[in-house]
Amino acid sequence: MSKGNQTSPPPARSAAEDIRAVGRIDVVPSILDVVCRVTGLRFAAVARVTEADWTACAVRDGLGLGLGPGGELRIETTFCQKIRASGDPVIIEHAAEDPVFCDHPSPKMYGFESYISVPIQRPDGTFFGTLCALDTSPARLRTPQTEAMFKLFAQLIGFHLDAQDRLERSEAALLDERRTAELREQFIAVLGHDLRNPLAAVAAGARLLSRQPLDERSSSLIAAIQKSCARMAGLVGNLLDFARGRLGGGVPVERAADGRRLAECLDHVVEELRAVWPERTIRMEAALDHPVLCDCERVGQLLSNLLANALTHGAPDGPIDVRARSGEGGSFELSVANPGGPIPSDTMERLFKPFSRRADGRPHSGLGLGLYIASEIARAHGGAISVSSDERETRFTFRMPAALTL
C-alpha cells in the first residue's frame, strides 16, 4: 500500500477480538494445512503477540499439544519478543545442534527440535503476531521455497486483518446517512486498488508451491487457493468497475468491429473458468459469422460474470450452456443457462442492483456486484440483459442491437 493511502492504525483490540478476526479469514485453516504438509511439521499456528502476551488465534495441532484458539504462552518462553523487535523470522532446523539456539530454554521447555516463525504485519507495518510451525523432530526449513511460502502466507493474513479493520471503520463512518454513498464508493476504489499487489503475491506463491512435489491432498489445497485467487481477481475487477461507474459516469468501453477478437475473448473466458472449475461442465456454442461493434474485453468480462453466477448458484451436477450469435448489421446475442430451481420473485426484482444479496437464506459469496457490472457493460453497448427462470433452468441473455456503423 502506498504512503498516500495509509490511514491511522487501528485501535488496540482485545485478544478475543483478534481471535474472532483471524477466525473470519476463511483461508487460514488451508494455510495451516499447507504449511504442515509442505514442511512436514505437525504443529502450526497463527498467534497474536503483544509486549506481554502470546495468544493462539488459529491452530493445527498434529502433535497433541492441547493448544487451541485462545490458548496462551508466557511471552518470555517464546522467540516472539525477538521477532517482534527485529521483524525478522526465526528458523531452527535442529535445535540440539544449532549453535545459536542449542542452549535456549524454549526448545527444551516445549520439546521441539524444528521451528519456523515469521512476523505477521499489516500493510502499514503494524505488527500483529506470527505465523509459526514446529515439530519434535528435525526438519529442513532453510530453503528459499519454504521461507517464501511463509512470508507470502503471513502477508495474506496481514492483508485480511487490515481489510477487516478498514471495513469496520468504514461501516462506522457510513452510519452517517448523508455520507454513505460517497464514502462507500471512494472506499471501494481504494480497496480495489490496494487488493491487486497482495493478491498478485498470493497467486505467485500458489504457482510456486504448485511446482513443488506435493501429495494429492496438498495439491488439492493449492488448487483451492488458486481458485480463491481467481475469484478474488474477479471481485477486484468488479470493485474497480463499480467505482469507475459511480464516480466517472458509467463503465468505459472502446468498441471495435473485430469478430475474431471477440471469439478469442469468449473462448478464453470459458477455458479459464473450466480450469478453475474442473468438476463442472461448460458447453460453448458460438456462431459469430458477422462482425460485432463492441469492446471485446468488456463483453468477455460480461460473460465471465454471468458464468461465475451460474457456477456459484446453479445446480452443481448439471452442465452450463453458453451460446453466442452475431447477426447482420452487427446485432449480437449471448446467453448463459444453468439447471436449477427458479429464482425467487423478490430476488429477481433486484438481481441487477449493486450489493444485492440472496433472500432465501442460502449462503452467498462475493459482493453482489457481478450481475450489476454485467448489466452496466450491456447498457454501455446500447443493449440489455434479460433473465428467465423456471424449474428447468435459469437463463441470462445479453442482446445488443445492430450498430449504426461497422
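As the structure is a computational prediction, the values presented were derived from the model and not from experiment.

1. Side note on the overall build of the protein chain
Within the protein chain one finds eleven helices and 13 strands. A separation of at least 24 residues holds for 67% of the contacts in the protein chain among residues at least 6 apart in sequence. Just so you have it, the protein chain exposes about 19800 Å², and 51% of that area is on carbon and sulfur atoms.

2. Here we look at the side chain of Thr-39
With respect to the secondary-structure elements, Thr-39 resides in helix 2 (residues 28–39). In this structure Thr-39 comes out as buried when scored by relative accessible area, which is 13%. A distance of 3.2 Å separates a polar side-chain atom of Thr-39 from the backbone nitrogen of Leu-41. Setting aside chain neighbours within four positions, we find Thr-39 in contact with Ala-139, Leu-141, Thr-146, Met-149 and Phe-150.

3. Re the sheet that holds strand 1 (residues 43–49)
Strand order in the open sheet made by the six strands is 3-2-1-6-5-4, with antiparallel pairing throughout. Strand pairing shows two members of the sheet lacking a second neighbour, strand 3 (72–74) and strand 4 (90–92), which therefore form its edges. Here the average twist between neighbouring strands, direction ignored, is 25°. Pairing analysis gives three bridges linking strand 2 (residues 53–61) to strand 3, with the strands arranged antiparallel. Residue pairing in the sheet places Thr-55 in a bridge with Glu-72 of strand 3.

4. So, the packing of aromatic side chains
The description of an aromatic ring pair uses the distance of the two centres, along with the angle that the planes make with each other. Evaluation of the coordinates by the stated rule reveals six aromatic pairs. Centroid distance Phe-79 to Phe-101: 5.2 Å. Interplanar angle 85°. Geometry classified as edge-to-face. Residue Phe-79 is found in the loop between strand 3 and helix 3 (80–86), and its partner Phe-101 is found in the loop between strand 4 and helix 4 (105–110); the two are separated by 22 residues along the sequence. On the basis of relative accessibility, which here comes to 3%, the residue Phe-79 falls in the buried class. When the ring of Phe-112 is compared with that of Tyr-115, the centres are 5.2 Å apart and the planes differ by 25°; the resulting orientation is stacked. One exposure class covers both Phe-112 and Tyr-115, and it is buried. Grouping aromatic residues by their ring pairs yields a cluster made of Phe-79, Phe-101, Phe-112 and Tyr-115.

5. Considerations on the confidence of the model for the protein chain
Of all residues in the protein chain, 83% have pLDDT values of 70 or greater, and the mean over the chain is 83. Per-residue pLDDT stays below 50 along residues 1–9; that stretch engages in 14 contacts with residues further than four places along the chain or on separate chains.

6. A closer look at the sheet that holds strand 8 (residues 282–287)
The strand order across the open sheet formed by five strands is 8-10-11-13-12, and the pairing between neighbours is mixed. Two strands lie at the open edges of the sheet, namely strand 8 and strand 12 (384–389), each paired on one side alone. Averaged over all pairs of adjacent strands, the angle between their axes in this sheet comes to 10°, without regard to strand direction. Of the strand pairs in this sheet, strand 10 (residues 320–326) and strand 11 (residues 332–339) are connected by six bridges, and their pairing is antiparallel. Residue pairing for strand 11: Asp-321 is matched across the bridge by Ala-337.

7. What to know about the pattern of salt bridges
Tallied over the full model, the rule gives 20 salt bridges. Across the pair Arg-217 and Asp-33 runs a salt bridge whose closest N-O atoms are separated by 3.3 Å. Highlighted residues: Arg-217 in helix 7 (residues 216–248) and Asp-33 in helix 2, separated in sequence by 184 residues. Take Arg-217: its relative accessible area is 42%, and that puts it in the partly exposed class.

8. Quick word on the side chain of Thr-78
Mapped onto the elements of the fold, Thr-78 is located in the loop between strand 3 and helix 3. Residue Thr-78 is classed as buried on the basis of its relative accessible area of 11%. For Thr-78, the side chain forms a polar contact with the main-chain oxygen of Ile-75, separated by 2.9 Å. At 3.2 Å, the side chain of Thr-78 and the backbone nitrogen of Cys-80 are in polar contact. Once residues within four sequence positions are removed from consideration, Thr-78 is found in contact with Trp-54, Leu-73 and Ser-106.

9. Section: helix 1 (residues 15–23)
For an α-helix, 3.6 residues make a turn, and residues three or four places apart therefore share a direction. All of the buried residues along helix 1 are Asp-18, Ile-19, Ala-21 and Val-22. Around the axis of helix 1, the buried residues are gathered within 160° of arc, so they sit on the same side.

10. Regarding the pairing of strand 1
In terms of burial, strand 1 is a largely internal element, seven of the seven residues being buried. Side-chain alternation along strand 1 places Phe-43, Ala-45, Ala-47 and Val-49 on one buried face and Ala-44, Val-46 and Arg-48 on a second face that is also buried. The pairing of strand 1 with strand 2 spans seven bridges and is antiparallel. Looking at strand 2, one finds that Arg-48 is bridged to Thr-55. Across six bridges, the pairing between strand 1 and strand 6 (residues 127–135) is antiparallel. Directly across from Phe-43, in strand 6, lies its bridge partner Leu-134.

Basis of the calculations
- Residues numbered from 1 in each chain as written.
- Predicted model: local features only at pLDDT ≥ 70, side-chain atom pairs only at ≥ 80, totals over all residues.
- Heavy atoms only, no water.
- Helix = DSSP H or I, 4+ residues; strand = E, 2+ residues; numbered from the N terminus.
- Contact = heavy atoms within 4.5 Å.
- Areas by Shrake-Rupley, 256 points an atom, 1.4 Å probe, with all protein chains shown as cover.
- Buried < 20%, exposed > 50% of the residue type's maximum accessible area, 1.4 Å probe, protein only.
- Polar contact = N/O pair within 3.5 Å; in protein donor to acceptor, adjacent residues only side chain to side chain.
- Pairing = 2+ DSSP bridges.
- Axes fitted to C-alpha atoms, helices over the stretch in contact; angles between N-to-C directions.
- Phe/Tyr/Trp six-rings, centres within 6.5 Å; stacked < 30°, edge-to-face > 60°.
- pLDDT = per-residue confidence, 0-100.
- Salt bridge = Lys/Arg side-chain N within 4 Å of Asp/Glu carboxyl O.
- Arc of directions from axis to C-beta.

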